[in-house]
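One letter stands for each residue in the lines below.
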Amino acid sequence: LLHPDTKARHLQRYLQSRIVPDECYVQTVVANDPAIRQSDRTCRLAFWDGGGAHPQDVSAKHLPAIAEQQPHFVRKVGEGSPVADELDRLLG
């Protein structure tokens, strides 16, 4: 990232006129570097079973899935959520 090659510089030029280029530049450069090993594991978890445009707040019913998947990030935990301490215990 500090010493972009020809492809990365081309991507920089392409993204100059785009909205929020920072949302894809780093990921694109890193994902296309053959020297970097990648995993297909998803490290985040969100629960979309509420039928809305936003993920559900994490509740006690979601704890078994969280414990099983051991994600690095869980979305979305409401401010002052009673499950926050339990999440710390499960994932800590």
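Reading the values: the criteria
- Residues numbered from 1 in each chain as written.
- Predicted model: local features only at pLDDT ≥ 70, side-chain atom pairs only at ≥ 80, totals over all residues.
- Heavy atoms only, no water.
- Helix = DSSP H or I, 4+ residues; strand = E, 2+ residues; numbered from the N terminus.
- Buried < 20%, exposed > 50% of the residue type's maximum accessible area, 1.4 Å probe, protein only.
- Salt bridge = Lys/Arg side-chain N within 4 Å of Asp/Glu carboxyl O.
- Contact = heavy atoms within 4.5 Å.
- Arc of directions from axis to C-beta.
- Polar contact = N/O pair within 3.5 Å; in protein donor to acceptor, adjacent residues only side chain to side chain.

K.L.:
I'm lost on the environment of Arg-9 in this one. Help?
P.N.:
Of note, Arg-9 is situated in helix α1 (residues 6-15). With relative accessibility at 37%, the residue Arg-9 sits in the partly exposed group. Arg-9 sits 20 residues away from Val-29 along the chain, and the two C-alpha atoms are 9.9 Å apart.

K.L.:
How do you make sense of the pattern of salt bridges when you look at a structure like this?
P.N.:
Where side chains of opposite charge bring their charged atoms close, a pairing between them can arise. Under the counting rule described, the total for this entry stands at one salt bridge. As a salt-bridge pair, Glu-86 and Arg-89 come within 2.5 Å of each other at their nearest N and O atoms. Of this pair, Glu-86 and Arg-89 both sit in helix α4 (residues 84-91), three residues apart, which is roughly one turn of the helix. Residue classification places Arg-89 among the exposed positions, given a relative accessible area of 56%.

K.L.:
Honestly, the environment of Ser-59 in this entry has me stumped. Any pointers?
P.N.:
Tracing the backbone through its elements, the reader meets Ser-59 in the loop between β1 (44-46) and α3 (63-69). Note on Ser-59: relative accessible area 25%, which makes it partly exposed. Expressed as a C-alpha distance, the spacing of Ser-59 and Ala-84, which sit 25 residues apart in the sequence, is 9.2 Å.

K.L.:
Looking at this structure, how should I read unusual backbone geometry?
P.N.:
Negative phi values dominate among residues other than glycine, just as trans dominates among peptide bonds. That bond from Arg-75 to Lys-76 is cis: its omega, 5 degrees, falls within 30 degrees of zero. On the secondary structure map, Lys-76 appears in the loop between β2 (73-75) and α4. The phi angle at Gln-70 is positive, at roughly 50 degrees, despite the residue not being glycine. Turning to its location among the elements, Gln-70 is positioned in the loop between α3 and β2. We classify Gln-70 as partly exposed; its relative accessible area is 35%.

K.L.:
Mind showing me how you'd approach the environment of Lys-61 here?
P.N.:
One can find Lys-61 in the loop between β1 and α3. Using a relative accessible area of 57% as the deciding quantity, one classes Lys-61 as exposed. Once you skip the residues sitting within four places of it in the chain, Lys-61 turns out to touch Asp-49 and Gln-56.

K.L.:
Help me understand α1 in this model?
P.N.:
Side chains three or four residues apart in an α-helix point the same way, a direct result of the helix having 3.6 residues per turn. For α1, every residue scored as buried is listed here: Ala-8, Leu-11 and Leu-15. Burial along α1 is one-sided: seen end-on, the buried residues are contained in an arc of 55 degrees. Exposed positions of α1 whose direction lies more than 90 degrees from the buried face are Thr-6, His-10 and Arg-13. Taken together, the buried residues of α1 touch α2 (25-31). Of the residues that open α1, the one with a side-chain oxygen 3.2 Å from the backbone nitrogen of Lys-7 is Asp-5.

The analysis is restricted to geometry; functional conclusions fall outside its scope.
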